[in-house]
Amino acid sequence: MEEEKTNQLEETRAKIRDVDTRLIDALADRMELIQDIIAYKKETGIPILQPEQEAKQTRELQEQLKDNPFEEEILDVFKYIMKNSRRVQAKALFDYNVFLIGFMGAGKSTIAKELERKLEMQRIEMDELIEKKQGMTIAQIFSEYGEIYFRNLESNCLIELQKIKQAIVSCGGGVVLRPDNAEHMKKNGRIVLLTAEPMTILDRVKGSDTRPILNNHMNVDFIEDLMNQRREKYLAVADVIVSTDHKSTDEICDEIIAKLIAYDREHEKKDAEDKAEGAAEKAEDK
Ligand code: S3P
């Protein structure tokens, strides 16, 4: 009797393993279809992120599951499936780091958080990383060791980030001050410059005292002046530029994604042309 029960248990476990195998196959098929959709969207220029489509899918699932005894549990599983589909999308789109640069208050941290959510990509906040490593706030580092010391920490941080792939990196506003920093970023990433008018910047930063450079200078003239001093440096390193004035985070993120895709497409095209030209020249030489 005992033995019979054990056999039955093992049989059921074997059936569960079979179901798991089918689930794995089905999930892999699903992920591949997601890749097909991304390739199609990239080619045709259809917006990559379509939240209304995700909402429609959820409604359809709810309808389909409404008499199912496991409705709640299955819907929960689908939440993870969709979350991971977004990850597959991001991997297909960006096989590099996305560095957000721009003046203080340009929206780097806010946009990085939204991109993290939309794309399920890892997010790195450079200033936070530096603070954690040093066990001090940015303001403390500036006041105890000075700006040059802080800039060294920034450069070291960017060198370390070369080991990381497919992250959204929100940079400190001053990373462009050292030309080498752009080289570190470009080794495995694209640089997205976020811009805003001085008045918008003042509005966004005036309530905070965490930026030593702005403390005691919270006025539009100082901001405009410093922006003018840095403008050329920002523009010189940017692969993609997005203005953030009077736009929602959603619109800004969609614009960043669309512009990065266009940038990559342009470069892929140019690389292919260069290669073809090189091959033609070689053939002529023979
Ligand atoms: C700085 C910008 C700050 C921070 C530091 C210096 C700058 O980062 O790195 O206070 O020189 O522009 P945020 O741009 O994230 O505020």
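Please refer to the structure placed before this passage.
All values derive from a computational prediction rather than experimental measurement.

A.B. asks: Honestly, the sheet that holds strand 1 (residues 97-101) in this entry has me stumped. Any pointers?
C.D. replies: Each strand in a sheet pairs with another by means of backbone hydrogen bonds, the pair being arranged parallel or else antiparallel. Read from one edge to the other, the open sheet built from five strands follows the order 2-3-1-4-5, with strand pairing classed as parallel. Edge positions in the sheet fall to strand 2 (122-125) and strand 5 (240-243), since each of these pairs with one other strand and no more. Neighbouring strand axes in the sheet, compared pairwise and without regard to direction, differ in orientation by 20 degrees on average. Here helix 5 (residues 126-134) sits on the sheet and contacts strand 2 and strand 3 (167-170); the angle it forms with strand 2, its principal contact strand, is near 65 degrees. Packed on one face of the sheet, helix 11 (residues 249-285) meets strand 1, strand 4 (189-195) and strand 5 and runs near 160 degrees to strand 5.

A.B. asks: What is the right way to look at the pattern of salt bridges in this model?
C.D. replies: Pairing between side chains of opposite charge can happen when the charged atoms of each approach one another. In this structure the tally under the stated criterion is 21 salt bridges. Between Arg117 and Glu114 there is a salt bridge; the shortest N-O distance is 3.1 Å. One end of the pair is Arg117 and the other is Glu114, both in helix 4 (residues 108-119) and three residues apart, which spans about a single turn. Look at Arg117 and you get partly exposed, because its relative accessible area is 48%. Note that Glu160 and Lys133 form a salt bridge whose closest N and O atoms lie 2.5 Å from each other. Placement of the pair is Glu160 in helix 7 (residues 147-160) and Lys133 in helix 5, with a sequence separation of 27 residues. Judged by relative accessible area, which is 39%, Glu160 ranks as partly exposed. Taken together, the shared-partner salt bridges in this structure form one network comprising Glu54, Lys83, Arg86 and Glu120.

The rules we used
- Residues numbered from 1 in each chain as written.
- Predicted model: local features only at pLDDT ≥ 70, side-chain atom pairs only at ≥ 80, totals over all residues.
- Heavy atoms only, no water.
- Pairing = 2+ DSSP bridges.
- Helix = DSSP H or I, 4+ residues; strand = E, 2+ residues; numbered from the N terminus.
- Axes fitted to C-alpha atoms, helices over the stretch in contact; angles between N-to-C directions.
- Contact = heavy atoms within 4.5 Å.
- Salt bridge = Lys/Arg side-chain N within 4 Å of Asp/Glu carboxyl O.
- Buried < 20%, exposed > 50% of the residue type's maximum accessible area, 1.4 Å probe, protein only.

By themselves, these figures tell us nothing about what the structure is for.
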